[in-house]
Amino acid sequence: MSQSQSASKPDTQLIEAAAGAAARSIPPLWPLASSVAVNPFLGQTGENLAEAGARLARVAGATVTMPRHWYARQIAAGVISEADLADAWAAASVQLRPASPADLKAEANRHVAPPRALPTVADLAAQVSGIDWPGVIAERIGAWAAGYFDEGQALWAAPRGRSAYAAWRAVATHDLTPEIAGLTGFARHVSETPDSAAAAIARAAGRLGIGGEALETYFHQMLATLGGWAQYARYKLWKADLAGARDHTITDLLAIRLIWEEALFLHHGERLAQSWADVCARHAEPVAPTADLVTDAILQEAAERAAQRSLAATLAKPSQQPVGDRPALQAAFCIDVRSEVFRRALESVNPSIRTLGFAGFFGLTTAHRRFASDVEELRLPVLLNPALTSRSGAPDIMAADRAARYKARARRAWGRFKLAAVSSFAFVEATGPVYVGKLLGDALGQHAASAQNDPAPRLDPVPDLAERTNAAETVLRAMSLTGGFARVVLLAGHGASVVNNPHASGLHCGACGGYSGEVNARLLAALLNDPDVRAGLAAKGIEIPLDTLFLAGLHDTTTDRMTLYVEDHPSDDHKRDIDELKSWLAAAGRIARTERAVRLPRAAGEAQIARRSRDWAETRPEWALAGCKAFIAAPRARTAGKSLEGRAFLHDYDWTQDQDFRVLELILTAPAVVASWISLQYYGSTVAPDVFGGGNKLLHNVTGGIGVVEGNGGLLRAGLPWQSVHDGEQYAHDPLRLSVCIEAPRQAMADVLSRHEQVRALFDNRWMHLFALGEDGGMDWRYAGGLNWTSMHEADAAPAKQRLELAV
C-alpha cells in the first residue's frame, strides 16, 4: 500500500455507522459496586453460534465452544449419547455439517487449533521491530483510563469535565513513554490530531487505507483489544440509552486506539505495508463460519441435548404433593439457582411448607438510598429504569443519620491519611504494631462481613393508595399468589457475606442490580401489610386474611443462614409462628450447607461453610451460579420434591390465572433474558477465559474502584474469574446454553416472541432453548425456530439406534 493510497478520502457516514455498530458489538461491564452478569455475546445475538464464532475469531481470537477433546470425553463417558449426536446433527443446517452423525462423532476426536485474531498494525509493528507494541498500548491506555474513569479510589483524582478523547489527548501529548519505547514523535502526532473523535477516526481510517466492508470488524477488533475498558465505556452508553441520552465515551476510546495504529503505521511505513494490505482484504471478506465452526456448534448442541434429556427425566418423576389445606408457611424466594437448594431443604423440614420463586427485586424497581448515604442504588434489573425512590429510616432518626455520616467521613479521612504520599510512611512506623490484633483476627477468619441491617426502608415520596394497590396486585398476580395465604408469608431476598472479595456484588442479587435483596423484600412486606392496600386488593379479588403477616428476610447464600426483619412489623399474635419459622430455617440451612459442601473444594462438611465466608484467602467462598442450565416457569407442584441440584432458576407461574398472558410476556422478556445473561456469562468465561473471563483472582488489583486488572496495570478484566468456573482440577461449570421450560400454551409463547424480535432472536439463533411443558410437568414440545415447534414425544417414538441409522 502506498502512502497516497493510505491517505484516501474516507466515507464519513460509512465510518460513523461502522463505529456505532462496533460499539454495540461490545458487551457492557458494570462497576464492582453493583456488578451484574452480562451476556458477553450481547452484540452477536442476531447470529447463530457458528457465525458468532467466525466473527469473534477474526476480531479477538476467541473460541465459542469447548475444545474438541471435552466433547470426546463426554461421548466416551456416555453423557452425550448416540441419539444426542444424531438429533443435533439432524437439527443443523445441511451446509457445512459433517456427512453423517458417525462423521460428527469422529470429528470430536480430531484436534482443531484455536483461532487467531487477524493482526493489528500494532501486532505487525511488533513483528518488524521486536517491541511489544500491543503490550505498550494496553499499559499506557490502562494507566490513563484508571485515572479518567476513577470512582473515588484514587487519592489524587484526574480533572473532570472533559470528554475521554480530550482528556487522553491532554495526557498523551506529554507522555514520553511511547517515544522511549521507540515510537518517536508520538506526542507531536497526538497534538496534531483533529479536535473531535469522529474526525480522528475518519482521518486514521483514511491513512490506514481501510474502508467499506472492512471497517466494522476492524473497528470491533480495535475495541476488543481494549478489554474491559471498552466494556466499561459500553456500560456508559447502555446507561445513556436507558435514560434517553447520548454518550460518546466508547467511540472516544475507538479514536484513541486508532491513533496508536495510525502512528505505528506511519512510523514503520513500507516495512509492514504489504502485510497490512492483506489484513485489510481479509477484514473486507464476509463473516462466514468454517466447517470446523459448524461442527463445533453441532457438538455443543449435542451436549445441550444430553443435559435436556437428563432434565426431562428429572421432571418426569412424581412430584411431592402438598399437605393440608392451609400451608404452615409460604416462602417466596428469588429465582436464583442457589435458592433451589434451600427451598427444597425447607420443604423437606415440614411437608406443609410451600415455597415459590419470583425475581428477587419482587417487582419493585426502586432507586434506594441506604442509611446515612446520598448514593442512589438502583435495586432493579439493569434492563429497566426505576419507577420508585426509597430510603432507609424514618424522618425521626435524623440525629442518628447525622452521627453516622460524621463517623463515615472520619473513617474516610483516616483511610486517606493512611495512604497519603507523605503520611503513609510515618503511619506504618508509628501504628503498625497496633494492627497486629486485627491482622491476626482477619487471618484466622474471626471477622465476618457486616450484616445488612439498615433501618426499615420506606418509599419516598409515598405513592398514592391507588398506585400502591395496583403495584401490590401486579406483584401478587405475577407471583401467582392470589389465594390460600398462610399465617406467615416470608419474602426472602438474598445476598452473600464474604471478605476480601472485589467481586462480592456479583454474588448478590442480579435482579436487584448487584445489591442484596433485603430492601425490596422489606418494601414489599410493608406494602402488603398495609390495611388500606389490603382493602384495595380485596376489591380486586385478592383476599388476604387478617391473620396473615408478610415478613421480609435475607438469605445469605454463602452460609445458608436467614436474617429475619421481625422488628419491621412486630406482632405478638405471630410470636409462636416466628419461633417455629426460625427453627425450620435453621434446619433447612443445615441441610442446604451439607448438600453444598459436597461440591466445594476443601469443605469436609456443613460446619465449614460459614468459615469460608470469613476467610480472606478463600477464592471460592461459594460457587454462586456455576452449573446453571435451566429456567423453569411453572407451578411449584411440577418441581416439588425433585432435586435440580441447584442448577435451575425456578419461577412460579400458573398460566390459567394469567389474563391476556401479560405475565408470560413479562417472564419471557425480563427474568428469562436476565437468566440467559447469567448463563452466557458463565458460558463465555468457561469456553473463552482469556477473552471473556476475569483472569486469576490471585493476581487481581482493584483499579479506579470499578474493576480489576491482573498485576499492576493494563487491561481491565471483565467476566468471571477462573476460580469461579474451575476448582483447580476440573470445571465447576458445564458450559451449556440455557434451557427455558415454560408451562403455557405454545401459541401464547409464539405470540410473545412475534412481538419481541430481540427476544425471538435469542431463541431462533439458539442462545437459549425453549420448551413447552405439559400439564404433568413433562417437556412436551421444543421450539424449533421461526415460531414453529416440534414434539418431543414424536422424536422419542423411534429408537435412538434406528434414528441414527436413518441419519447415516
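Residues numbered from 1 in each chain as written. Predicted model: local features only at pLDDT ≥ 70, side-chain atom pairs only at ≥ 80, totals over all residues. Heavy atoms only, no water.

A. Structural context of the environment of R162. Along the chain, R162 turns up in the loop between α8 (133-148) and α9 (164-172). With residues up to four places along the chain from it excluded, the contact list for R162 reads Y148, A167 and A170. (Helix = DSSP H or I, 4+ residues; strand = E, 2+ residues; numbered from the N terminus. Contact = heavy atoms within 4.5 Å.)

B. Structural context of the sheet that holds strand β4 (residues 376-379). The strand order across the open sheet built from four strands is β4-β3-β5-β6, with neighbouring strands paired in mixed fashion. Two strands bound the open sheet, and with one partner strand each, they are β4 and β6 (457-459). Sheet twist, expressed as the average angle between the axes of neighbouring strands with direction ignored, equals 30°. Both strand β3 (residues 366-369) and β4 contribute to a ladder of four bridges, which runs antiparallel. By the bridge assignment, H368 is partnered in β4 with E377. Packing against the sheet, helix α23 (residues 518-529) makes contact with β3, β4, β5 (388-392) and β6, and its axis sits at approximately 60° to β6. (Pairing = 2+ DSSP bridges. Axes fitted to C-alpha atoms, helices over the stretch in contact; angles between N-to-C directions.)

C. Broad picture of the side chain of R338. Structurally, R338 can be placed in helix α18 (residues 337-349). Since its relative accessible area comes to 9%, R338 is described here as buried. (Buried < 20%, exposed > 50% of the residue type's maximum accessible area, 1.4 Å probe, protein only.)

D. Region of the structure containing a positive patch on the surface. Together, K407, R409, R411, R412 and R416 make up a region of like positive charge exposed at the surface. When you line up the elements, R411 lands in helix α19 (residues 398-419). (Patch = residues over 30% accessible without salt bridge, like charges linked within 9 Å, V, L, I, M, F, W, Y side chains within 5 Å. Areas by Shrake-Rupley, 256 points an atom, 1.4 Å probe, with all protein chains shown as cover. Salt bridge = Lys/Arg side-chain N within 4 Å of Asp/Glu carboxyl O. Lys, Arg positive; Asp, Glu negative; His and termini not counted. Charge placed at Lys NZ, Arg CZ, Asp CG, Glu CD.)

E. Highlighting unusual backbone geometry. Residue P461 follows D460 across a cis peptide bond; omega there is 5°. For P461, the location among the structural elements is in the loop between β6 and α22 (465-478). Positive phi is not limited to glycine here, since R602 has a value of about 60°. Topologically, R602 is positioned in the loop between α25 (575-597) and α26 (609-614). For E645, which is not glycine, the phi torsion reads 60° and is therefore positive. Inspection of the secondary structure assignment puts E645 in the loop between β10 (630-633) and β11 (648-651). E645 sits in the partly exposed class, given a relative accessible area of 45%.

F. Summary view of the environment of A197. Mapped onto the secondary structure, A197 falls in helix α12 (residues 197-208). As a C-alpha pair, A197 and P159 span 38 residues in sequence and 19 Å in three-dimensional space.

G. Structural view of the packing of aromatic side chains. Scanning the entire structure with this criterion turns up 23 aromatic pairs. Pairing Y783 with W789 gives two aromatic rings, centres 5.4 Å apart and planes at 70°, and the pair type is edge-to-face. Across the pair, exposure class does not vary: Y783 and W789 are buried alike. Put simply, the rings of W30, W144, Y148, F149, W229, Y232, Y235, W238 and W677 touch in pairs and so form one group of aromatic residues. Sitting over the ring of W89, R97 keeps its end group 3.6 Å from the ring centre. The aromatic ring of W781 is capped on one face by R746, whose charged end is 3.7 Å from the ring centroid. (Phe/Tyr/Trp six-rings, centres within 6.5 Å; stacked < 30°, edge-to-face > 60°. Lys NZ or Arg CZ within 6 Å of the ring centre and 35° of its normal.)

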